[in-house]
Amino acid sequence: MEQTSDAARLEQLGQFLRTRRERLSPAVVGLPDSGRRRTPGLRRSEVAVLAKVSVDWYTWLEQGRNIQVSAQVLDSIAKALRLDGSERKHLYMLAMRQLPADVLQAERTVVSKTLQSVLDRLAYSPAIVTDARWNVVAWNLAACAVVGDYRVMEEQERNMVWRAFTSPYLRQLLRDKWEDHAKMRLAQFRASYGSYAGDPWWEEFIARLSAASSHFREWWARHEVLPVSEGNKHYFHSEAGELVLEHITFQVSDAPGLQVMINTPVGDTEEKIRRLVEKMK
């Protein structure tokens, strides 16, 4: 199945490159027009010259062959083909299955007024937004009432991975489910780290949390990875008692680095959260 998927992806890559090449004329890219052409646009050889790669190598790439390609070469091809920002991202995803490093680092981390309004309207469903580093960058009052008051936390404390391993409040909230939760959050963080390995912020954060938590240090070495998934949560709130919630996570369409996490109360949990929220107003 994976080989079939790779073949389809590489075929799409070749077709994408060909369509981008065919829309350009030699004059647009500063090349002399060497006479009549059987097909529109640039020749493969001309793209190869502009991108400073061999004609054979570029031909293989456009033919969908499974060859190694670096970010530097992809950027050269993107410039040669005059790709815009969206097209460059698409090229990276087809060729390397990941976005360019500069795009990842520049992902928007501020939520829009519309998204914040959506969070606030989820009055008794704790909801937060995290960035690519697992920092909580937006929340509603229900989230503050249940998992901790983000309004007064220091920036580091608002990181979900940091809190999972260092927050006494969160441990009390989770009780015997804390270890499973912490391992899950670490594995999700490890999966995210794959796109940022070597980035100074990530390396420094991992070093600091390794020093702060022996559990993190031990489990990080296991290289477990998990996707973010749907599921159930059971909290044990000191005032409201047991809280049961169903959670779901999705990405913001125009800011893929942002994830919206919504926890929907089950049964009498909604009334319990309502009372907590009312006290915080």
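Residues numbered from 1 in each chain as written. Predicted model: local features only at pLDDT ≥ 70, side-chain atom pairs only at ≥ 80, totals over all residues. Heavy atoms only, no water.

### Regarding the pattern of salt bridges
Per the stated rule, a full pass over the model turns up 16 salt bridges. Close ionic contact of Glu 271 with Arg 274 constitutes a salt bridge, the shortest N to O distance being 2.7 Å. With Glu 271 and Arg 274 both in helix H14 (residues 269–280) and 3 residues apart, this pair spans about one turn of that helix. The partly exposed category is assigned to Arg 274, whose relative accessible area is 29%. (Salt bridge = Lys/Arg side-chain N within 4 Å of Asp/Glu carboxyl O. Helix = DSSP H or I, 4+ residues; strand = E, 2+ residues; numbered from the N terminus. Buried < 20%, exposed > 50% of the residue type's maximum accessible area, 1.4 Å probe, protein only.)

### A few points about the packing of helix H2 (residues 44–51) against helix H4 (residues 71–80)
Axis separation between H2 and H4 bottoms out at 8 Å; the angle between their running directions is 120 degrees. Comparing the axis directions of H2 and H4 gives the class oblique. As H2 packs across H4, the resulting crossing turns out to be right-handed. Of the residues in H4, those in contact with Val 47, Leu 50 and Ala 51 of H2 are Ser 76, Ile 77 and Ala 80. Residue composition of the contact of H2 with H4, by class: 5 nonpolar, 1 polar and no charged. (Axes fitted to C-alpha atoms, helices over the stretch in contact; angles between N-to-C directions. Parallel < 35°, antiparallel > 145°, perpendicular 65-115°, else oblique. Left-handed = near helix turned anticlockwise from the far one by under 90°. Contact = heavy atoms within 4.5 Å. Nonpolar A, V, L, I, M, F, W, Y, C, P; charged D, E, K, R; others polar.)

### Some points on the packing of aromatic side chains
The full count for this structure, using the stated rule, is 14 aromatic pairs. Seen in terms of ring centroids, Phe 189 and Trp 202 are 4.9 Å apart; in terms of plane orientation they differ by 20 degrees. Their pairing is stacked. Highlighted residues: Phe 189 in helix H11 (residues 178–193) and Trp 202 in helix H12 (residues 200–212), separated in sequence by 13 residues. Exposure class is identical for Phe 189 and Trp 202. Each is buried. Measuring from ring centre to ring centre gives 5.4 Å for Phe 189 and Phe 205, while their planes differ by 50 degrees; the resulting arrangement is tilted. Of this pair, Phe 189 sits in helix H11 while Phe 205 sits in helix H12, and the two are 16 residues apart along the sequence. (Phe/Tyr/Trp six-rings, centres within 6.5 Å; stacked < 30°, edge-to-face > 60°.)

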